[in-house]
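Structural description and commentary
Listed below, chain by chain, are the residues.
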Amino acid sequence: MNISLRCGFTYQFPMDRHPDHSERTPYFDSLTEFTGLRTFDEDSPEFDGYDSWLEDGYVQPPLLYCDAGTDLWRRMVASGELRGPDAAPLRPVPLIDVVRDIAVAAEKEQDRDLIGLWYSFGCETLLGGPAGCPYDIDELVAMTAVQDLRAVVRRTESLSLAESSPYASPVEFADDQDLESWWWQL
């Protein structure tokens, strides 16, 4: 949570700053433990599961939390509780950029296992998703995040850890032999 707060992914407020607090004071005052604030009507035709449970924020009394980009975050921005960079619209960050940053931080901590684990997911997952990697080898070679990640894996000698991970995609099962082969050859 401290990292999420420090990075501006999550915001923390006293509970009385919730936009609905004055209208629902008895409800907020009754909360004594961690509680997600979204309510669900399972019988409603619009009910599509519980994935949105964080959209209205959550409390760990006496504090209220909201994650950037959620419904409560938008309300906090509209009410002026969040301003400046904290109120700026979110921009998507490619997974490969996040993994590169994790690997760089893990290298500083000498955490080869974490580096190997992330590298083991392979280019299909880290750069593509369910449809596979949309890039060819030349495009991957030119990507700064890919260059940096591979450099960390080389410097820390984490490739063998990646290859032995249960998440590693063996080359013989890859959709694109050349692309996967390249990924595993440092």
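A brief look at the structure comes next. (Residues numbered from 1 in each chain as written. Predicted model: local features only at pLDDT ≥ 70, side-chain atom pairs only at ≥ 80, totals over all residues. Heavy atoms only, no water.)

**Focus: the sheet that holds strand β4 (residues 63-67)**
Overall, antiparallel pairing links the four strands, which are arranged β1-β4-β3-β2 in an open sheet. A single partner strand is all that each edge strand has here, and the edge strands are β1 (10-14) and β2 (35-36). Sheet strands in contact with helix α3 (residues 71-78) are β1 and β4, and its direction is about 105° off that of β4. (Pairing = 2+ DSSP bridges. Helix = DSSP H or I, 4+ residues; strand = E, 2+ residues; numbered from the N terminus. Contact = heavy atoms within 4.5 Å. Axes fitted to C-alpha atoms, helices over the stretch in contact; angles between N-to-C directions.)

**With respect to a negative patch on the surface**
Judged by side-chain charge, D41, E42, D43 and E46 come together as a negatively charged surface patch. Structurally, E42 can be placed in the loop between β2 and β3 (58-60). (Patch = residues over 30% accessible without salt bridge, like charges linked within 9 Å, V, L, I, M, F, W, Y side chains within 5 Å. Areas by Shrake-Rupley, 256 points an atom, 1.4 Å probe, with all protein chains shown as cover. Salt bridge = Lys/Arg side-chain N within 4 Å of Asp/Glu carboxyl O. Lys, Arg positive; Asp, Glu negative; His and termini not counted. Charge placed at Lys NZ, Arg CZ, Asp CG, Glu CD.)

**Here's the deal with the packing of helix α4 (residues 95-108) against helix α5 (residues 112-120)**
Running from amino to carboxyl end, α4 crosses α5 at an angle of 160°, the nearest separation of the two axes being 8 Å. Considered as vectors, α4 and α5 are oriented roughly antiparallel to each other. In terms of crossing hand, the pair formed by α4 and α5 is left-handed. Residues V99, I102, A103, A106 and E107 of α4 pack against L114, I115 and W118 of α5. Along the lines of polarity and charge, the residues of the contact of α4 with α5 split into seven nonpolar, no polar and one charged. (Parallel < 35°, antiparallel > 145°, perpendicular 65-115°, else oblique. Left-handed = near helix turned anticlockwise from the far one by under 90°. Nonpolar A, V, L, I, M, F, W, Y, C, P; charged D, E, K, R; others polar.)

**Topic: the environment of A105**
Note that A105 resides in helix α4. Expressed as a C-alpha distance, the spacing of A105 and I115, which sit 10 residues apart in the sequence, is 9.3 Å.

**What to know about α3**
Residues of α3 that are buried: L72, W73 and M76. Seen end-on, α3 carries its buried residues on one side only, within an arc spanning 100°. The inward-facing, buried residues of α3 contact β1 and β4. (Buried < 20%, exposed > 50% of the residue type's maximum accessible area, 1.4 Å probe, protein only. Arc of directions from axis to C-beta.)

**Side note on unusual backbone geometry**
A cis geometry characterises the amide bond from P61 onward to P62, with omega recorded as 15°. At Q110, a residue that is not glycine, the phi angle is positive and equals roughly 60°. Mapped onto the secondary structure, Q110 falls in the loop between α4 and α5. For Q110, a relative accessible area of 71% gives the class exposed. At E157, a position not held by glycine, the phi torsion is positive, near 55°.

**A look at the pattern of salt bridges**
As a working rule, side chains carrying opposite charge can pair if their charged atoms are close by. Throughout the structure, instances matching the rule amount to 10 salt bridges. A salt bridge links R38 to D56; the nearest nitrogen and oxygen atoms lie 2.9 Å apart. On the criterion of sequence distance, the pair formed by R38 in the loop between β2 and β3 and D56 in the loop between β2 and β3 is long-range, its members being 18 residues apart. Among the salt bridges present, the one from E55 reaches R74, with a minimum N-O distance of 3.8 Å. Taken together, the residues span a long stretch of sequence, with E55 in the loop between β2 and β3 and R74 in helix α3 at a distance of 19 residues. Since its relative accessible area comes to 41%, R74 is described here as partly exposed. Here the salt bridges share partners, and the residues they tie into one network are R38, E55, D56, D71 and R74.

Any functional reading would require information that these geometric values do not contain.
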